[in-house]
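Now for the letters of each chain:
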Amino acid sequence: DVKVTQSSRYLVKRTGEKVFLECVQDMDHENMFWYRQDPGLGLRLIYFSYDVKMKEKGDIPEGYSVSREKKERFSLILESASTNQTSMYLCASRSSRVFNEKLFFGSGTQLSVL
Amino acid sequence: DQQVKQNSPSLSVQEGRISILNCDYTNSMFDYFLWYKKYPAEGPTFLISISSIKDKNEDGRFTVFLNKSAKHLSLHIVPSQPGDSAVYFCAARNNAGNMLTFGGGTRLMVKP
């Protein structure tokens, strides 16, 4: 089974702190994604990466950056956390070698910024 | 503006009856549609998909219907079971790229 692991289930941070969310997948997937889930807004794409050291902005990249130094790991960085970044963050991965391949998600990190 | 909309935030159904979850989209470039199910404290998991060249896809108790002219798809669950209680997300892929656009989700509650 594909496993996408997010390092923390819950995080509580203070406004202005630098926050790192880590995601690791074990299926050699080329594509990795960071989404945030907010009630009524569904899943919104923050950043994605087609492959190592590649990154592309999604729909809501403001206030975030990412790092993909190794194929299996995709990190989301909040340079200076703000209260409006309180949300559920979901990492996902996908193979680019399979047509119409579905996304595999991690369990999510619930981030609270106080 | 949301390109994929799920207008019902919640739906309550009796066990054994049919659950119908609806999804509307505005972008005519969408060519592939998926449904994901999400339990609390877990990530979404893939449920069923449909290509724009089809109007129906069935997998066990789950059937997805696509009406391209109306830009509407629906997920039917028959018969509904209490274990189906979850949030369901509709997603659509743009044929010009490879990204998915998700709807806001519908929380389904199946009562025993």
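Residues numbered from 1 in each chain as written. Chains lettered and ligands numbered in written order. Predicted model: local features only at pLDDT ≥ 70, side-chain atom pairs only at ≥ 80, totals over all residues. Heavy atoms only, no water.

On a plain count of helices and strands, chain B comes out with zero helices and eleven strands. If you list the helices and strands of chain B from N to C, you get β-β-β-β-β-β-β-β-β-β-β. Here the C-alpha atoms of chain B give a radius of gyration of 13 Å, agreeing with the 13 Å that 2.2 N^0.38 yields for 112 residues. When the 112 residues of chain B are sorted by exposure, 46% land in the buried category. Of the contacts formed within chain B by residues at least 6 apart in sequence, a portion of 55% connects residues at least 24 apart. Carbon and sulfur atoms make up 49% of the accessible area of chain B, which amounts to about 5300 Å² in all. Once the 12 positive and 9 negative side-chain charges of chain B are each reduced to a mean point, those two points are 2 Å apart. (Helix = DSSP H or I, 4+ residues; strand = E, 2+ residues; numbered from the N terminus. Rg over C-alpha atoms; globule rule 2.2 N^0.38 Å. Buried < 20%, exposed > 50% of the residue type's maximum accessible area, 1.4 Å probe, protein only. Contact = heavy atoms within 4.5 Å. Areas by Shrake-Rupley, 256 points an atom, 1.4 Å probe, with all protein chains shown as cover. Lys, Arg positive; Asp, Glu negative; His and termini not counted. Charge placed at Lys NZ, Arg CZ, Asp CG, Glu CD.)

Before going further, it helps to spend a moment on the packing of aromatic side chains. With the rule as written, the count across this model stands at 13 aromatic pairs over all chains. Within the aromatic cluster, the residues linked to one another by ring pairs are Phe33, Tyr35, Phe48, Tyr50 and Phe105 of chain A together with Tyr36, Phe46 and Phe102 of chain B. (Phe/Tyr/Trp six-rings, centres within 6.5 Å; stacked < 30°, edge-to-face > 60°.)

All names here are of chain B. A contiguous nonpolar patch, built from Ile18, Ile20 and Val78 and spanning about 230 Å² of accessible area, is present on the exposed surface. With respect to the helices and strands, the residue isoleucine 20 is situated in strand E3 (residues 19–25). Note on isoleucine 20: relative accessible area 37%, which makes it partly exposed. (Patch = residues over 30% accessible without salt bridge, like charges linked within 9 Å, V, L, I, M, F, W, Y side chains within 5 Å. Salt bridge = Lys/Arg side-chain N within 4 Å of Asp/Glu carboxyl O.)

Once that is clear, we can look at the environment of alanine 96 of chain B. In this fold, alanine 96 of chain B is placed in the loop between strand E9 (86–94) and strand E10 (100–102). We classify alanine 96 of chain B as exposed; its relative accessible area is 64%.

In this section: the side chain of asparagine 31 of chain A. Residues and elements named next belong to chain A. With respect to the secondary-structure elements, asparagine 31 resides in strand E4 (residues 31–38). Exposure remark for asparagine 31: the relative accessible area of 3% places this residue in the buried category. A polar contact of 3.0 Å, which involves the side chain of asparagine 31, links it to the backbone oxygen of tyrosine 50. Each residue touching asparagine 31, except ones within four places of it in the same chain, is listed here: Ser49, Tyr50, Arg68, Ala92, Ser93, Arg94 and Ser96. (Polar contact = N/O pair within 3.5 Å; in protein donor to acceptor, adjacent residues only side chain to side chain.)

A few words now on the sheet that holds strand E8 (residues 73–78) of chain A. The strands that make up a sheet pair up through hydrogen bonds in the backbone, lying either parallel or antiparallel. All names here are of chain A. Pairing within the open sheet is antiparallel, and its four strands lie in the order E1-E3-E8-E7. Sheet topology places strand E1 (4–6) and strand E7 (64–70) at the edges, where each strand pairs with a single neighbour. Adjacent strand axes in the sheet meet at a mean angle of 20 degrees, parallel and antiparallel pairs treated alike. Pairing of E7 with E8 involves five bridges; the strand directions are antiparallel. In the strand pairing of E8, serine 65 is matched with isoleucine 77. (Pairing = 2+ DSSP bridges. Axes fitted to C-alpha atoms, helices over the stretch in contact; angles between N-to-C directions.)

Contact residues are listed per partner, giving 18 residues for chain B and 20 residues for chain A. Interface of chain B and chain A: buried area, both sides summed, is about 1600 Å²; carbon and sulfur atoms make up 57% of it. At the junction of chain B and chain A, the tally comes to zero salt bridges. For the pair chain B and chain A, the number of links is three residue pairs in polar contact (both at pLDDT 80 or more). Counting only elements with at least two residues in the side of chain B that touches chain A, the list comes to strand E4 (30–38), E9 and E10 of chain B. It is E4 of chain B that provides the largest number of residues to the side of chain B that touches chain A, a total of four residues. In terms of residue class, the side of chain B that touches chain A is made up of ten nonpolar, five polar and three charged. (Buried area = accessible area lost by both parts, 1.4 Å probe. Nonpolar A, V, L, I, M, F, W, Y, C, P; charged D, E, K, R; others polar.)

In this model, chain A carries an average pLDDT of 92, and 96% of its residues clear a pLDDT of 70 or more. Within chain A, strand E6 (residues 56–57) of chain A has the poorest average pLDDT of any element, 92, and E8 of chain A the best, 97. (pLDDT = per-residue confidence, 0-100.)

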